[in-house]
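These are the residues of each chain, in order.
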Amino acid sequence: MNQDFSRRNLLKGAATLMTVPALAQLASAPVMAATARTPSPVAKYPRSGAFNSIDRVLQRAVDGRQVAGVVAVGATDKGIVYEGSFGKRDAAHGPAMSLDTVFWLLSMTKAVTAIACMQLVEQGKLQLDDPVGKLMPELASPKVLQGFDASGAPTLRPARRPITLRHLLTHTSGLTYSNWSDKLAQYEKFTGLPDIAESKNGAFAAPLEFDPGDRWQYGTGMDAVGKIVEAVSDQSLEVYFRENIFAPLGMTDTGFLISSAQKRRVATTYIRQSDGSLTSMPFEMPQRPEFFSGGGGLFGTPRDYMALLQMLLSDGTFRGARILKPQTVAMMRQNQIGDLNVNPLKTSAAAWSNDADLFPGMPQKWGLSFDINTQPGPNGRSAGSYAWAGLLNCYFWVDPVKKVTGAVFTQLLPFYDARMVELFGVFERGLYTGLASA
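Rules behind the numbers
- Residues numbered from 1 in each chain as written.
- Predicted model: local features only at pLDDT ≥ 70, side-chain atom pairs only at ≥ 80, totals over all residues.
- Heavy atoms only, no water.
- Helix = DSSP H or I, 4+ residues; strand = E, 2+ residues; numbered from the N terminus.
- Buried < 20%, exposed > 50% of the residue type's maximum accessible area, 1.4 Å probe, protein only.
- Contact = heavy atoms within 4.5 Å.
- Areas by Shrake-Rupley, 256 points an atom, 1.4 Å probe, with all protein chains shown as cover.
- Pairing = 2+ DSSP bridges.
- Phe/Tyr/Trp six-rings, centres within 6.5 Å; stacked < 30°, edge-to-face > 60°.
- Lys NZ or Arg CZ within 6 Å of the ring centre and 35° of its normal.
- Axes fitted to C-alpha atoms, helices over the stretch in contact; angles between N-to-C directions.

Engineer: Explanation requested: the overall build of the protein chain in the structure shown.
Structural biologist: Each helix and strand in the protein chain was counted, giving 12 helices and 16 strands. Counting over 438 residues, the protein chain shows a buried share of 61%. Summarising the internal contacts of the protein chain: among those between residues at least 6 apart in sequence, 70% fall at separations of at least 24. When the accessible area of the protein chain is evaluated, it comes to approximately 16200 Å², of which 51% is carbon and sulfur surface.

So this is what it looks like as structure tokens:
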């Protein structure tokens, strides 16, 4: 692949990013109209015409070149109720999008890592409130980045308290991403510290931006959780996930290391230009990483990921496999940050992410790897539902009250694209409306 578009450069901070126009010069031809659609497989129980409005909106989005292609899937505790694939994996060349198209999941990986971690908590091998330094020496003596002196050199001080597993799972550890942190981007530029996106172990020497437990800020803690899972299980995440999560759930198309056959089914990544048009760009996760990224390294298909969401919706069991205990799933979807609130993501790298807030104006809490809406959502989900997303504009939610889950998949930059967020909302609203009338 073109190394200029590796995950490392994709996620680097603003100080080292190319601009969107510069990317456009290197990217391939503008997107052509992509209207082809593959038939969906037979649903788990008969699909109703009540969901036709979703088809129409998603197809119009492709016809209008808002997206090159999109897949949407919805389910209840009784099974799949909606599957739709629209457009093409590569709008210029095809083939059509399908339920087995491979997507780079990025931060949708975090849910899998959290599940693995909580399996070990269930077994008594990990404790949420124990310091993690004994399992991960890089975090044994954390330093807080206070600022920079006149020469631009960073100033550091010892953290006031140790980092715990709960801090890592809830984004309250002080570890941050340079995509949403000017300070960390500046630190990386001055010191040459590798960004976490490079999947190099040296990235774990990054300083904290605040003392553990002081606030919520989205960050790299789940990559540390992945390393801890490996240390305790004595297995790589690739093997642990496969044996303890993917194989039991029948997720045969998900992993960190992609085969040649799977690579042929990967959806092309696109960049939204300032005029709203799309251009394609190469993208692939590191295939020779120094560590498997528990925060963002997985690829997978919509069918596979829906199995994971259905397991969560069914309180830990799916297809006869018990992945987690019901009380563990309940804990994961409960507020784990107390009086703290989830803060909106403020971009430090506009080429890769817009500002993002799943529920503007609504207090949001964080569970054990999920954003929790404390009030009913505007498109149908209940208060207490939980959700997250991936950088390339993939989104999911799980509603434990109404027993509904859904996800949309595309491969598009920058994150929190306004058109894609709107489509996600239309899909959610259409799913709930269709269920009510079916």
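Engineer: Help me out: how do you make sense of the sheet that holds strand E7 (residues 278–281) in this one?
Structural biologist: Picture the strands of a sheet paired through backbone hydrogen bonds; they go either parallel or antiparallel. Here three strands make up an open sheet; going across it, the order is E7-E6-E16 and the pairing mixed. A single partner strand is all that each edge strand has here, and the edge strands are E7 and strand E16 (412–413). Relative to E16, strand E6 (residues 269–272) runs parallel, the two being bridged by two bridges. By the bridge assignment, Ile271 is partnered in E16 with Leu413.

Engineer: Quick question: what am I supposed to make of the packing of aromatic side chains here?
Structural biologist: Ring pairs (aromatic) are described by centroid distance and by the angle formed between their planes. Going through the model one piece at a time under the given rule, you end up with 27 aromatic pairs. Relative to Tyr218, the ring of Trp216 lies with its centre 6.3 Å away and its plane at 20°, an arrangement referred to as stacked. Here Trp216 and Tyr218 have matching classes, each one buried. When the ring of Trp397 is compared with that of Phe427, the centres are 6.0 Å apart and the planes differ by 65°; the resulting orientation is edge-to-face. Residue Trp397 is located in strand E14 (residues 394–399), and its partner Phe427 is located in helix H12 (residues 418–437); the two are separated by 30 residues in the primary sequence. An identical accessibility class is assigned to Trp397 and Phe427; each is buried. Here the aromatic cluster, defined as three or more aromatic residues joined through ring pairs, consists of Phe51, Tyr82, Tyr395, Trp397, Phe415, Tyr416, Phe424, Phe427 and Tyr432. A cation over a ring is seen here: Lys402 above Tyr432, with NZ or CZ 5.0 Å from the ring centre.

Engineer: I'm lost on the pairing of E7 in this one. Help?
Structural biologist: Note on strand geometry: in a regular strand, side chains alternate between the two faces of the sheet. Of the two faces of E7, both are covered, the one formed by Leu278 and Ser280 as well as the one formed by Thr279 and Met281. Connecting the antiparallel pair E6 and E7 is a turn made up of five residues, with Gly276 showing a positive phi of about 90°.

Engineer: Just checking my understanding: could you explain the sheet that holds strand E12 (residues 371–373) for this structure?
Structural biologist: If you walk across this open sheet you meet the seven strands as E2-E1-E15-E14-E13-E12-E11, and the pairing is antiparallel. Each of the sheet's edge strands pairs with one partner strand only, and the pair in question is strand E2 (79–87) and strand E11 (364–366). For this sheet, the mean angle separating the axes of adjacent strands, direction not counted, is 20°. The pairing of strand E13 (residues 386–390) with E14 spans five bridges and is classified as antiparallel. Across the sheet, Gly390 pairs through a bridge with Cys394, a residue of E14. Running over the sheet, helix H10 (residues 302–313) touches strand E1 (69–76), E2, E13, E14 and strand E15 (404–409) and is turned about 155° from E15. H12 contacts E1, E2, E14 and E15 of the sheet and is inclined by roughly 30° relative to E14.

Engineer: It is not clear to me how unusual backbone geometry should be interpreted in this structure. Could you clarify?
Structural biologist: Most peptide bonds adopt trans geometry, and most residues besides glycine take a negative phi value. Cis geometry marks the peptide bond from Gly94 to Pro95; its omega dihedral reads 0°. Tracing the backbone shows Pro95 in the loop between E2 and strand E3 (103–104). Pro414 follows Leu413 through a cis peptide bond whose omega is -5°. With respect to the helices and strands, Pro414 occurs in the loop between E16 and H12. Positive phi is not limited to glycine here, since Ser199 has a value of about 55°. Among the structural elements, Ser199 can be located in the loop between helix H6 (182–191) and helix H7 (221–233). By relative accessible area, which is 3% here, Ser199 ends up buried. A positive phi angle is found at Asn393, which is not glycine, with a value near 65°. In this structure, Asn393 sits in the loop between E13 and E14.

By themselves these figures say nothing about function.
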